[in-house]
Amino acid sequence: QVQLVESGGGLVQAGGSLRLSCAASGRTFSSYVMGWFRQAPGKEREFVAAISRGGGRTYYADSVKGRFTISRDNAKNTVYLQMNSLKAEDTAVYYCAASANNGESTYARQRGWYDYWGQGTQVTVSS
């Protein structure tokens, strides 16, 4: 089992940047595919980005491609989401998630594929 704790959210002006971090407990962090999802008020939780166990493959939602970068440091049990050129529509609670399942290339964008979730961190972008 793994526990996930997000940090780094806050209030930023449009065009600004934030870096989110997600620290994982346990000694098997490198065995999990890690993802970031977000949920805006009144909307469903949506996929943002994911990264393979070794960090060599990344996946992005079209809405954030070219602006957000996911990375991980397996030695620190941490996954990051660097968010640049933020827009008002990026405002949401951001969640990190971990999956021990197979089928990364097929399922990494699907929230039901993930086993563990953090509590979320609020990102607010003012226009």
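Residues numbered from 1 in each chain as written. Predicted model: local features only at pLDDT ≥ 70, side-chain atom pairs only at ≥ 80, totals over all residues. Heavy atoms only, no water.

What follows deals with the nonpolar core. Ranked by size, the top nonpolar core spans 39 residues in total, and within it Met34, Trp36, Leu81, Met83 and Tyr94 carry the most contacts. Among the secondary structure elements, those contributing two or more residues to this core are strand E3 (18-24), strand E4 (33-39), strand E5 (46-51), strand E6 (58-60), strand E7 (68-73), strand E8 (78-83), strand E9 (92-99) and strand E11 (121-126). (Core = buried A, V, L, I, M, F, W, Y, C linked by side-chain atoms within 4.5 Å. Buried < 20%, exposed > 50% of the residue type's maximum accessible area, 1.4 Å probe, protein only. Helix = DSSP H or I, 4+ residues; strand = E, 2+ residues; numbered from the N terminus.)

It is worth spelling out the state of the cysteines at this point. The final tally for this structure, using the stated rule, is one disulfide. Disulfide pairing is shown between Cys22 and Cys96; the S-S distance is 1.9 Å. Highlighted residues: Cys22 in strand E3 and Cys96 in strand E9, separated in sequence by 74 residues. Residues Cys22 and Cys96 agree in their burial class; the two are buried. (Disulfide = S-S within 2.5 Å.)

On to the sheet that holds E3, then. Taken together, the four strands give an open sheet; going across it, the order is E1-E3-E8-E7, and neighbouring strands pair in antiparallel fashion. Bordering the open sheet on either side are strand E1 (4-7) and E7, each of which pairs with just one other strand. Adjacent strand axes in the sheet meet at a mean angle of 15°, parallel and antiparallel pairs treated alike. Across six bridges, E7 lies against E8 in antiparallel orientation. Of the residues in E8, the one forming a bridge with Ile70 is Leu81. (Pairing = 2+ DSSP bridges. Axes fitted to C-alpha atoms, helices over the stretch in contact; angles between N-to-C directions.)

Another aspect to go through is the packing of aromatic side chains. Throughout the structure, instances matching the rule amount to six aromatic pairs. Ring centres 6.0 Å apart and planes at 80° place the aromatic pair Tyr32 and Tyr116 in the edge-to-face group. One end of the pair, Tyr32, is in the loop between E3 and E4; the other, Tyr116, is in strand E10 (residues 116-117), and 84 residues separate them in sequence. A residue is classified by how much of its surface remains accessible, and Tyr32, at 7% relative accessible area, is buried. Ring geometry for Phe37 against Phe47: centres 5.7 Å apart, planes inclined by 75°, an arrangement best described as edge-to-face. (Phe/Tyr/Trp six-rings, centres within 6.5 Å; stacked < 30°, edge-to-face > 60°.)

Next up on the list: unusual backbone geometry. Unlike most non-glycine residues, Asn77 shows phi in positive territory, near 55°. Located in the positive-phi region is Ser85, a residue other than glycine, with phi close to 50°. Relative to the assigned elements, Ser85 resides in the loop between E8 and E9.

With burial as the criterion, only one face of E7 is covered, namely that bearing Phe68, Ile70 and Arg72; the residues Thr69, Ser71 and Asp73 on the opposite face remain uncovered. Linking two consecutive strands that pair antiparallel, namely E7 and E8, is a turn of four residues; a positive phi of about 55° is found at Asn77 within it.

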